[in-house]
Amino acid sequence: MAVVYRQGNASEQAHQLGVHNARLYSLRARFRSSLWGVIRAVILLGICYIAVFPILSKIASSFMSRADLWDNTVAWIPRHPTLRNYQLVWTHMKYPLAFWNSAKLSLLVSILQLASCTVVAYGISRFHFKGAKVLFSLAIFTLIVPPELFTIPLYLNFRYFDLLGVLKQPISMINTLWPFIIMAATCTGPRNGLFIYILRQYFKSMPRELEEAAYVDGASIFRTFYTIMLPGALPAMVIVFLFSFVWQWNDYYFTQLFIPNYAGLPNMLNQLAYSVLGQYWADSMVEVSLLHNTGSLLLIAPIVLLYVCLQRYFVESIQRTGITGS
Amino acid sequence: MRIRKLGRLTLRQQSIVAGYLFALPFILGFLFVFLYPLIQSIIFSLSELKVTKAGYETTFVGLKNFVYVLRGHPTFVRELVGTVGNMAANVFWILVFSFFAAVILNQQFRGRLLARTILFMPIIMASGIVLKIEMQDYMTGILEYGMEEANTFLATERFSAYLSTFQLPKTFIDNILLAIDRIPEIIRSSSIQILVLLAGLQSIPSSLYEAAEVEGATSWECFWLITLPLTSPLILTNVVYTIVDYFTSPANLVVTAIRTASFGSLGYGIGSAMSWIYFSVIGLILIIIFALFSRLVFYQE
């Protein structure tokens, strides 16, 4: 039996012979594949280097002394390594206290935001009611609006809070945790629209059969949500928790707005230079750069750690977070 | 087996009630924490704000604030135009880069997990206080030591001196340098975009590619006819997200201007007017993008 086939390279011939596996039969194909491997490794190395360069340079300079900074031959490894920067930063930033304050606030905000956004996202994605689409669009809309637009009136509202005229004397909620609690519990914190989006896409991608099986077995709506849907939504929830925690940990604008001079890490970092060097700190930018680098490192170290611990929940299983909604 | 009913409602009605109940936090939040201040800020932008002991008073001044922002303020319009121009270039390159990175990260190779982890890290550094301190130091560093010391990472000054030995036209060198200067910024702003596109690439069933290969498609055709159309909804999502992220990030000159105006001597009225102008520009750009691109997006129904 004559089999007519095109002349092709070895892999095409392999296909026509019925071999569909991605085995590379020809030397040329194998060479091309390993060449691409090398190119890819180089490109990736370059990109990753650029991505982590800030952290690496901060780590390097945090061990440098003043002499090293003026020394032109020192690029990465200090000639006179010192722990002085760390000591200064630790005491002047009041690190243990500030760490605890930051942790309290970030944990509070991110847990509340996670809870409320998950509940809302579940509601608008699994139940068919007329408002579902509208609410989703509104959530996206809150993302598009620049925060400055409504934080200014919001600040005034919190400052002179009179419950729409019910209270005769307005009370001030500034310097308390209430603004944060209110915003987090109602999905109106910064970027909450993004969280609702992620969670909704995820819920939408879960099969209906799960819920229907639960309902048939007699579970109520809330029980179904709690026992069946939530555990399955873990990757998306981890992402949302991580984002909101990191955002709140690093945040300076909102924290400064609602609780001025809150003794958390961002604020302590901001006044670090002034605390160590006094009023004219801007005149010695060299020292300041040492302090700021070390301070920033100490500030982001906990969340880098958190990220490294949590990333296995979502980096490998990105597909299952259903962001694509398919 | 009986389905337990919520009171005497039908299943359909139950569904509606449950939906609204679950969405209640956001409904309340949107009305009181978002919409109400938004309306207030419209009022502020049209009035002069005085903060007194008992509260705050507004006196209606019409469009005076807007006129001041557009005409009287020394730098706002210039910063706005500059930011929009920057955005166009940045958004384009971020999209290209994130697509490229997502394709690479989707392939199988050792150390893929490490690469993904590293590329996702810049999110931690790109917000809040770390960003503010870095910008501050960068600005002060320029003032004190000049551009050379401040821009130590890419050593662009020395590179430009090297390039000029080739006697290329100066504008050419300048454009190359501008592009290269952007590279770190682009790589560091692409983390979420890479995540989204990676998820999209992974959701394309491999049977499509196999079928195409059997039919004799080259990898170039595979890319244009399979990969690109199926990820186009996500590309549009990325465009919108990148634009919004860029416009609301505090590294933005306009945002800084708004903040200094609101809490400084100019007052909340001017600040609100600025924010509204800024928001209308963003909204206009988004509408244009949507109108242009939603026809190109391929939706799988």
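Rules used in this analysis
Residues numbered from 1 in each chain as written. Chains lettered and ligands numbered in written order. Predicted model: local features only at pLDDT ≥ 70, side-chain atom pairs only at ≥ 80, totals over all residues. Helix = DSSP H or I, 4+ residues; strand = E, 2+ residues; numbered from the N terminus. Buried ≥ 20, exposed ≤ 12 C-beta atoms within 10 Å, placed from the backbone. Contact = placed C-beta atoms within 7 Å. Nonpolar A, V, L, I, M, F, W, Y, C, P; charged D, E, K, R; others polar. Domains from an automatic or database assignment. Core = buried A, V, L, I, M, F, W, Y, C linked by C-beta atoms within 7 Å. Arc of directions from axis to C-beta. Axes fitted to C-alpha atoms, helices over the stretch in contact; angles between N-to-C directions. Parallel < 35°, antiparallel > 145°, perpendicular 65-115°, else oblique. Left-handed = near helix turned anticlockwise from the far one by under 90°. pLDDT = per-residue confidence, 0-100.

(A) Expanded view of the overall build of chain A. Assigned secondary structure in chain A consists of 16 helices and 0 strands. Per-residue burial over chain A gives 38% buried out of 326 residues. For chain A, contacts bridging at least 24 residues in sequence account for 70% of all contacts bridging at least 6.

(B) Region of the structure containing the interface of chain B and chain A. Every contact between the two is made by 79 residues of chain B and, on the other side, 80 residues of chain A. The element contributing the most residues to the side of chain B that touches chain A is helix α1 (residues 11-45) of chain B, with 19 residues. Split into classes, the residues belonging to the side of chain B that touches chain A amount to 53 nonpolar, 19 polar and 7 charged.

(C) Structural view of the domain arrangement of chain A. Residue and element names in this part refer to chain A. For chain A, the domain assignment lists domain 1 (10-62) and domain 2 (84-321). At the junction of the two partners, domain 1 supplies 4 residues and domain 2 supplies 7 residues. Of the residues that constitute the side of domain 1 that touches domain 2, the class distribution is 1 nonpolar, 2 polar and 1 charged.

(D) Molecular detail of the nonpolar core. Ranked by internal contacts, the top residues of the largest apolar core, which has 127 residues, are Leu199 and Val240 of chain A together with Met274 of chain B. Of the residues forming this core, the biggest block, 11 residues, is contributed by helix α12 (residues 234-250) of chain A. Residue-level mapping places this core at the junction of two domains, with at least three residues from each of domain 1 (10-62) and domain 2 (84-321) of chain A. Among all residues touching Val240 of chain A, those that are not within four sequence positions of it are Leu114, Cys117, Phe195, Ile198 and Leu199 of chain A.

(E) Examining helix α4 (residues 112-120) of chain B more closely. Listed in full, the buried residues belonging to α4 of chain B are Ala115, Leu119 and Phe120 of chain B. Buried positions in α4 of chain B, seen along its axis, are confined to an arc of 125° and lie on one side of it.

(F) The environment of Ala115 of chain B, seen in detail. In this fold, Ala115 of chain B is placed in helix α4. Sequence-wise, Ala115 of chain B and Ser294 of chain B are 179 residues apart; in three dimensions their C-alpha atoms are separated by 32 Å. Residues within four places of Ala115 of chain B in sequence aside, it is in contact with Leu44 and Cys48 of chain A together with Leu105 of chain B.

(G) Just the packing of helix α5 (residues 95-126) of chain A against α1 of chain B, in detail. Across the interface, α5 of chain A lies against α1 of chain B with an axial gap of 7 Å and an inter-helix angle of 140°. One finds that α5 of chain A runs oblique with respect to α1 of chain B. For the pair α5 of chain A and α1 of chain B, the sense of crossing is left-handed. Residue-level inspection shows Ser116, Val119, Val120, Tyr122, Gly123 and Ile124 of chain A of α5 of chain A in contact with α1 of chain B, the latter providing Gly19, Phe22, Ala23, Pro25 and Phe26 of chain B. Per-class residue counts for the contact of α5 of chain A with α1 of chain B are 8 nonpolar, 3 polar and no charged.

(H) Spotlight on the environment of Leu95 of chain B. Residue and element names in this part refer to chain B. With respect to the helices, strands and loops of the structure, Leu95 is situated in helix α3 (residues 76-106). Each C-alpha atom, one on Leu95 and one on Thr242, is 8.3 Å from the other, the two residues being 147 residues apart in sequence. Dropping the residues within four chain positions of it, Leu95 is found in contact with Ile235, Asn238, Val239 and Thr242.

(I) Inspection of unusual backbone geometry at higher detail. All names here are of chain A. One non-glycine residue with positive phi stands out, namely Asn175, at about 70°. By secondary structure assignment, the location of Asn175 is in the loop between α7 (147-159) and α8 (178-185). Overall, Asn175 belongs to the partly exposed group, with 14 C-beta atoms counted inside 10 Å. Positive phi outside glycine occurs at Arg191, with the angle close to 65°. With respect to the element layout, Arg191 can be found in the loop between α8 and α9 (192-204).

(J) Spatial organisation of the environment of Asp174 of chain B. Secondary-structure assignment places Asp174 of chain B in helix α9 (residues 170-189). With 16 residues separating them along the chain, Asp174 of chain B and Ser190 of chain B place their C-alpha atoms 24 Å apart.

(K) Examining the confidence of the model for chain B more closely. Residues and elements named next belong to chain B. When the pLDDT values of chain B are averaged, the result is 78; 84% of them are 70 or greater. Element-level pLDDT for chain B is lowest in helix α7 (residues 147-150), with a mean of 45, against a maximum mean of 86 in α3. Scored below 50 in pLDDT, residues 147-151 makes 10 contacts in the model with residues more than four places away or belonging to other chains. As a predicted assembly, this complex carries a pTM of 0.82 together with an ipTM value of 0.80.

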